[in-house]
Amino acid sequence: MLYFFKKRRDHSLDLKQRIFKKESLARYIDKDNRLAKTLGAGDLIALGIGAVIGTGIFILPGTVAALHSGPSIILSFVVAAIICSTAAMCYAEFSSALPIAGSAYSFGNIVFGEIIGWFLGWALILEYMLAVAAVSTGWAAYFNSFISGFGLKIPKAVSGSFDPAHGTYVNIVAILIVLFISFILSRGVKTSVRINNIIVVVKIAIIFLFLLVGMFYVKPANWHPFFPFGYGGVLKGASLVFFAYLGFDVVSATAAEVKNPRKNMPIGIIGTLLICTVLYILVSIVLTGMTSYTKLNVADPVSFALQLVHLNWIAGIISIGALAGMFTMMVTMIYSSSRLIYSIGRDGLLPKFLGEVNAEHHTPNKSMAFVTIIISFMGGFVSLTQLTNLVNIGTLIAFTFVSIGIIPLRKRKDIPNNGFKVPFYPFLPIVSTLLCILMLSQLSKETWIASIIWFAIGMVIYFTYGIKHSQITKNN
């Protein structure tokens, strides 16, 4: 009997040691050298802005101001940016010290062990793919509205998710835009990043057009009272607009394809957050100055404000800005999804072919094809209305582990970091961790239940497939 219990205890210890075994940075760097290093700091900032600034910049400042913050929405964006900046600095240090593909998934494998890495990778799959699928349906809706102005119309049967009772079977536009972006990305990073950079410039130009024209219609009286909901309204607004900043973390997924990552990765991550914060604040100032915050609880507050001052032609241009915003977001997220799946395939936790790199373009085309099929199916056939909150929980879980992970990272003498380091260590990483947990506590019970189901599926895949095919025991 004693022998039986001793054998079970030894087996449990062996399993615990196995699943918490840490990956080798040297192996990751060796594998990722197959990817072309073509990205500079400017490319990273453009990718980051492409992910963070979407249609939200034309909606959130108005709706949150109307319901929760009033003109003090300006301060809500500042508070949310400060909260996000703590996590951003942690990502910057990780990306500087570990210039590898896979973002939080790979970071977790190295500092926490394989099972935590898998858990974070599974969370990121949820974030990246679901986000793109949801945005693809939004892009399709904006596109359909845009072409209707020219007398064109997509047949109803192919204009929405599978819902025969309402006459829709597939959202063909959502599928086609995902396929188009994936085709561009498969041609090579340099080409796709150049296209993304151009569209990001167009998007920012449209935002500045609104700012430059709208400032002439600002009435300071509209900023009074500045705190109609009290100081609590600022914090409530911050908790809501916090999610507008999510997306800067995808920059870290590019680390293996960046020139001089120790210098450029921190510039890309922190630069993205700074520029996006300035844009959100400026739009909030002008929007709440153009009209009373009480009138902004509408689906398109920026267009609504422009129509109030008879600037309908700019309101039309804003719709192009929304399309551009969603397009660049999808480019960045599909790119990051393919690098994440490549990283997991590289490690054997998903089929090994997903970790292969195309010899001609130096891109992981098989992982790109995989994510394209999954995202196209979800965007084309599945109603995503009730699932988009899962994007937030996947992101915040990754933020939490990356933040607290700075502490074990600093203790690793085998991982020297001569680049960016989080200031006020260990205070700031701990504060960042607590803030992320606070944000997680604000999510709904339904979101938590759905995420528990998702992670349970992930653990089944890990223990039935991943642990048996993992490269970690073959290379360590």
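Looking at an unreviewed UniProt entry, one finds the chain named Amino acid permease and attributed to Liquorilactobacillus sucicola DSM 21376 = JCM 15457. Entered under Subcellular location (unreviewed entry) in the UniProt record, the comment concerning the chain runs "Membrane".

S.K.: Honestly, the pattern of salt bridges in this entry has me stumped. Any pointers?
M.R.: Opposite charge on two side chains allows them to pair when their charged atoms are near. Counted by the stated rule, this structure contains nine salt bridges. A salt bridge links Glu-356 to Lys-366; the shortest N-O distance between them is 2.6 Å. Of the two residues, Glu-356 sits in the loop between helix H13 (312-346) and helix H14 (365-381) while Lys-366 sits in helix H14, which places them 10 residues apart along the sequence. Asp-414 is the partner of Arg-412 in a salt bridge, and the nearest nitrogen-oxygen pair spans 2.9 Å. A residue is classified by how much of its surface remains accessible, and Asp-414, at 52% relative accessible area, is exposed. One network of salt bridges, in which partners are shared, links Glu-23, Arg-27, Asp-32, Arg-346 and Asp-347.

S.K.: Just checking my understanding: could you explain the packing of aromatic side chains for this structure?
M.R.: How two aromatic rings sit relative to each other is given by the distance of their centres and the angle of their planes. Counting across every chain of the model gives 21 aromatic pairs. Summarising the aromatic geometry, the rings of Phe-227 and Tyr-231 are spaced 4.8 Å apart at their centres and angled 50 degrees between planes, so their arrangement reads as tilted. The exposure class assigned to Phe-227 is partly exposed, which follows from its relative accessible area of 31%. Three or more aromatic residues joined by ring pairs form one cluster here, namely Trp-118, Trp-122, Trp-454, Tyr-462 and Phe-463. Between Arg-346 and the ring centre of Tyr-28, over which it is positioned, the NZ or CZ distance is 3.7 Å. Directly above the aromatic system of Tyr-425 lies the positively charged group of Arg-410, at a separation of 4.3 Å from the ring centroid.

S.K.: When you look at helix H4 (residues 60-69) in this model, what are you seeing that I'm missing?
M.R.: Residues that lie three or four places apart on an α-helix share one face, since the helix turns once every 3.6 residues. Most of H4 is tucked away, with seven of its 10 residues classed as buried. Among the residues of H4, Pro-61, Gly-62, Thr-63, Val-64, Ala-65, Ala-66 and Ser-69 are the ones counted as buried. Tucked inside the fold, the buried residues of H4 contact helix H5 (73-97), helix H10 (231-241), helix H11 (261-290) and helix H12 (301-308). In the segment just after H4, Gly-70 is the residue with positive phi, at about 65 degrees.

S.K.: Looking at this structure, how should I read H11?
M.R.: The end-to-end C-alpha separation of H11 is 43 Å, in line with the 44 Å expected for 30 residues at 1.5 Å each. With 21 of 30 residues buried, H11 is to be regarded as a mostly interior element.

S.K.: Just checking my understanding: could you explain the environment of Leu-306 for this structure?
M.R.: Position of Leu-306 among the secondary structure elements: in helix H12. Along the primary structure Leu-306 and Phe-210 are separated by 96 residues, whereas in three dimensions their C-alpha atoms are 8.5 Å apart. If near-sequence neighbours (up to four positions away) are discounted, Leu-306 is found in contact with Phe-210, Met-290, Leu-311, Asn-312, Ile-314, Ala-315 and Ile-318.

S.K.: What is the right way to read unusual backbone geometry from this model?
M.R.: Among all residues save glycine, negative phi is the norm, and among peptide bonds the norm is trans. That bond from His-224 to Pro-225 is cis: its omega, -5 degrees, falls within 30 degrees of zero. Structurally, the position occupied by Pro-225 is in the loop between helix H9 (189-214) and H10. Across the junction of Tyr-425 and Pro-426, the peptide omega takes the value 0 degrees, indicating a cis bond. Note that Pro-426 resides in the loop between helix H15 (389-411) and helix H16 (427-441). Its identity is not glycine, yet Asn-260 carries a phi of approximately 50 degrees, on the positive side. Along the chain, Asn-260 turns up in the loop between H10 and H11.

S.K.: Please clarify how the side chain of Thr-433 should be interpreted in this entry.
M.R.: As for its position among the elements, Thr-433 is in helix H16. Dropping the residues within four chain positions of it, Thr-433 is found in contact with Thr-400, Ser-403 and Ile-404.

Parameters at a glance
- Residues numbered from 1 in each chain as written.
- Predicted model: local features only at pLDDT ≥ 70, side-chain atom pairs only at ≥ 80, totals over all residues.
- Heavy atoms only, no water.
- UniProt positions renumbered as here; feature names shortened; annotations may be inferred.
- Salt bridge = Lys/Arg side-chain N within 4 Å of Asp/Glu carboxyl O.
- Helix = DSSP H or I, 4+ residues; strand = E, 2+ residues; numbered from the N terminus.
- Buried < 20%, exposed > 50% of the residue type's maximum accessible area, 1.4 Å probe, protein only.
- Phe/Tyr/Trp six-rings, centres within 6.5 Å; stacked < 30°, edge-to-face > 60°.
- Lys NZ or Arg CZ within 6 Å of the ring centre and 35° of its normal.
- Contact = heavy atoms within 4.5 Å.
- Expected span 1.5 Å × (residues − 1).

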